[in-house]
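Residues per chain, in single letters:
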Amino acid sequence: MSKLAELFENEAVKDFGVALRKALRIGEDYSSLVELEYAETKEQFAEVIKRFLRRYETLAKKGYKGKQLKRPKEESLVELMRLVDEHGVKLVRSALISYALVKGGEENE
């Protein structure tokens, strides 16, 4: 399997990608998407993830259709940053955004 496929199939990318998808579709959090798009350095990426998680926490507490939303796991956060070290911001950013924008298996649309 290629390195790029491994990146896109990584559980941390999926975990954060699903959260970003929900933030966009339920919470209309386009700020996180735009900020992520413009993150170029590891430090900028870490700041964007921090701001995204802060916004997502508010959305998760409110819930959707009577259910709280799942938050990304702590292990996924560590793994995501390891992926940035290994693959660079650009590829990880692309994987997250791509994962967030595709139709998820849990959707009935």
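As a reminder, the structure under discussion sits directly above these lines.
This is a predicted model, so every value here is computed, not measured. (Residues numbered from 1 in each chain as written. Predicted model: local features only at pLDDT ≥ 70, side-chain atom pairs only at ≥ 80, totals over all residues. Heavy atoms only, no water.)

A. Structural detail: empty space enclosed by the protein. Going through the model one piece at a time under the given rule, you end up with one cavity of 30 Å³ or more. Of the volumes computed, that of the largest cavity is approximately 60 Å³. Lining the largest cavity are F16, L20, S32, L36, V48, I49, F52 and L96. At the level of secondary structure, the elements contributing two or more residues to the lining of the largest cavity comprise α2 (11–25), α3 (30–38) and α4 (42–62). At three residues, the largest contribution of residues to the lining of the largest cavity is made by α4. The residue makeup of the lining of the largest cavity, split by class, is seven nonpolar, one polar and no charged. (1 Å grid on protein atoms, 1.4 Å probe; cavity = no way out; pocket = protein on both sides within 12 Å on 5 of 7 lines; lining within 4 Å. Points joined across faces, edges and corners; volume = space filled by probe spheres on them. Helix = DSSP H or I, 4+ residues; strand = E, 2+ residues; numbered from the N terminus. Nonpolar A, V, L, I, M, F, W, Y, C, P; charged D, E, K, R; others polar.)

B. View of the environment of G27. Looking at the element boundaries, G27 is found in the loop between α2 and α3. Look at G27 and you get partly exposed, because its relative accessible area is 37%. On a C-alpha basis, the gap between G27 and L59 in space is 6.5 Å, while along the polypeptide they are 32 residues apart. In contact with G27, not counting residues within four places along its chain, are K22 and L59. (Buried < 20%, exposed > 50% of the residue type's maximum accessible area, 1.4 Å probe, protein only. Contact = heavy atoms within 4.5 Å.)

C. Summary view of helix α5 (residues 74–87). End to end, α5 covers 20 Å across 14 residues, agreeing with the expected 20 Å (1.5 Å per residue, within 8%). Residues of α5 that are buried include every one of S76, L80, L83 and V84, and no others. Looking straight down α5, one finds its buried side chains confined to an arc of 100°; they lie on one side. Those residues of α5 that are exposed and aimed more than 90 degrees away from the buried face are E74, E75, V78 and D85. Where α5 is buried, its residues touch α1 (3–9), α2, α4 and α6 (89–101). One or two steps after α5, the chain reaches G88, where phi turns positive at roughly 95°. (Expected span 1.5 Å × (residues − 1). Arc of directions from axis to C-beta.)

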